[in-house]
Amino acid sequence: MTKPIYSGTSVKIEIFGEMILRLDDKNEEYNITFPKVYARSVVTDPWIELGDSCSISCAQTGLKANIEFEVKSFYGDTINQVFAELKNKNEEVFCKMKGEWDAKLEFIFVKNEMDRIIKSYDLRDISRQKKRVRPIDIQEEYESRKLWKDVEEALKNEDYQQAYNLKNIIEKQQRLTDKLRKEKNLTYLSKNFYKTKINNDKLASSLSSKTSNNSEYFKLGYRWMHKNWSC
């Protein structure tokens, strides 16, 4: 669930909830929350940065990571700064990380005050996989790229009024559909996901960071699981 907040030529997007990464070969499950996403200068020269905090935790190993993303200051030139602390099951910090989330990261593994191991990774050296997306003409009606293709085209042509109008049409139709569904007491049927209840106490204890972007998620009492997953 996302919540966009518009301010001038910038958009702040809050992402509620969590992602679950399963490593079946290790029998481990990692709960991952999300930082806020900022789209800057969307009218002139758009660029993206991350801000606030997120967390990664594993109930099986007790490992936790608290990650802080730093936004560009008004007067500074440094961008994409990220800092993190990794803790073991005893809540002891065994590694610290700093750097740029889209470039070079430095990991400092601390055994004691005199014994430290530093490892660096440059993310720019990692080859990126191209997205595999079905052509628009064979996508279904409500798949994102097909649904928003006219808005995207208007933005590419710098016709911002048309993009705004088309966006409003889509959102108005979605609100109307949701209203009619509620009036008729109909349950939304997802093609690829199903809704399952969660134990909020268990979830809260598994997440090491209780930042504001999770507060509404805890109120939901459920999460969406892919139909190819097992509970």
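Position numbers for residues count from 1 along each chain, tracking the sequence in the order it is written. Under the rules for a predicted model, residues below a pLDDT of 70 receive no local features and side-chain atom pairs below 80 are neither given nor counted, while totals for whole chains, interfaces and linings still include all residues. Note: side-chain values were computed over all heavy atoms of the structure, leaving out hydrogens and water.

A. Region of interest: the overall build of the protein chain. Numbering of helices and strands runs from the N terminus; a helix is a DSSP stretch of H or I covering at least four residues, while a strand is a stretch of E covering at least two. Per the secondary structure count, the protein chain includes five helices and 13 strands. Only protein chains enter the area calculation, which uses a 1.4 Å probe; residues under 20% of their type maximum are buried, those over 50% are exposed, and those in between are partly exposed. Counting all 231 residues of the protein chain, 27% fall into the buried class. When checking whether two residues touch, look at their non-hydrogen atoms; a contact exists if any pair is within 4.5 Å. Long-range contacts, defined here as pairs at least 24 residues apart, represent 36% of the contacts in the protein chain between residues at least 6 apart. Here, Shrake-Rupley sampling with a 1.4 Å probe gives the accessible areas, and only protein chains in the shown set may cover a residue. As displayed, the protein chain offers around 17,100 Å² of accessible surface, 52% of which is attributable to carbon and sulfur atoms.

B. Representation of the side chain of N31 within the structure. For N31, the position within the fold is in strand β4 (residues 28–32). Judged by relative accessible area, N31 falls into the buried class, the value being 6%. Pairs of N or O atoms are called polar contacts if they sit within 3.5 Å, as long as, within protein, a hydrogen donor faces a hydrogen acceptor (for residues adjacent in sequence, only side-chain-to-side-chain pairs). Within polar-contact distance, the side chain of N31 engages the side chain of E18 at 3.0 Å.

C. Here's a closer look at unusual backbone geometry. With a phi angle near 75 degrees, D52 is a residue other than glycine that sits in the positive phi range. Here D52 is to be found in strand β6 (residues 47–58). Even without being glycine, N185 reaches a positive phi, approximately 55 degrees. Structurally, N185 can be placed in the loop between α3 (160–183) and β12 (193–197).

D. Seen up close, the pattern of salt bridges. Here a salt bridge means any side-chain nitrogen of Lys or Arg lying within 4 Å of a carboxyl oxygen belonging to Asp or Glu. Taken as a whole and assessed by the stated rule, the structure comprises 14 salt bridges. Among the ionic pairs, E49 bridges to R40, the shortest N-O distance being 2.8 Å. What makes E49 buried here is its relative accessible area of 1%. K182 is paired through a salt bridge with D178; the nearest N and O atoms lie 3.3 Å apart. Highlighted residues: K182 and D178, both in helix α3, separated by four residues, approximately one helical turn. The exposure class assigned to K182 is exposed, which follows from its relative accessible area of 62%. Three or more residues are tied together by salt bridges with common partners; here these are K64, K87 and E91.

E. Quick peek at the side chain of S190. Tracing the backbone through its elements, the reader meets S190 in the loop between α3 and β12. Only 3.1 Å separates the side chain of S190 from the backbone nitrogen of F193, close enough to count as a polar contact. Here S190 is in contact with W224 and K227, once residues within four sequence places are set aside.

F. Here's a closer look at α3. Given a helix with a known number of residues, its expected span is that number minus one, times 1.5 Å. Taking 1.5 Å as the rise per residue, α3 with 24 residues should run 34 Å; its terminal C-alpha atoms sit 34 Å apart, in good agreement. Taken as a whole, α3 has its buried residues at A163, L166, K167 and I170. On its buried face, α3 is in contact with β1 (2–7), α1 (144–147) and α2 (149–156). Note on α3: the residue one or two positions beyond its end, N185, has a positive phi of about 55 degrees.

G. Spotlight on a nonpolar patch on the surface. Here, patches come from residues exposed beyond 30% relative accessible area and free of salt bridges, joined within 9 Å for like charges and within 5 Å for nonpolar side chains (Val, Leu, Ile, Met, Phe, Trp, Tyr). A cluster of nonpolar residues, V42, V43, L155 and Y160, forms a patch on the protein surface that exposes about 300 Å² of accessible area. By the secondary structure assignment, V42 is in the loop between β5 (36–40) and β6.

H. View of the packing of α2 against α3. For the pair α2 and α3, interaxial distance at closest approach is 8 Å and the crossing angle is 165 degrees. One element, α2, and the other, α3, form an angle in the roughly antiparallel class. As for how α2 packs across α3, the hand of that crossing is left-handed. Two secondary-structure elements touch here, α2 through D150, V151, A154 and L155 and α3 through Y160, Q162, A163, L166, K167 and I170. Of the residues belonging to the contact of α2 with α3, the class tally is seven nonpolar, one polar and two charged. Every axis corresponds to a line fitted to the C-alpha atoms, with the helix fit spanning only the stretch in contact, and the corresponding angles, defined between N-to-C directions, vary from 0 to 180 degrees. Our angle categories are set so that under 35 degrees counts as roughly parallel, over 145 as roughly antiparallel, 65 to 115 as roughly perpendicular, and the remainder as oblique. Helix crossings are classified by the rotation of the near helix relative to the far one: an anticlockwise turn of less than a right angle makes the crossing left-handed, while a clockwise turn makes it right-handed. Basically, the charged four are Asp, Glu, Lys and Arg, the nonpolar ten are Ala, Val, Leu, Ile, Met, Phe, Trp, Tyr, Cys and Pro, and anything else, Gly included, counts as polar.

I. The arrangement of the pairing of strand β7 (residues 64–70) in detail. What you see with β7 is a clean split: A65, I67 and F69 sit on the buried side and K64, N66, E68 and E70 on the side with no burial. Sheet topology places β6 next to β7; six bridges connect them, and they run antiparallel. Its bridge partner lying in β7, S57 is registered against K64. In this structure, the hairpin formed by β6 and β7 is closed by a connection of five residues, where G62 is found at a positive phi of approximately 80 degrees. Two strands pair when backbone bridges link them, and β7 and strand β8 (residues 81–87) are joined in this way by seven bridges, in the antiparallel orientation. Pairing between two strands requires that DSSP report at least two bridges joining them.

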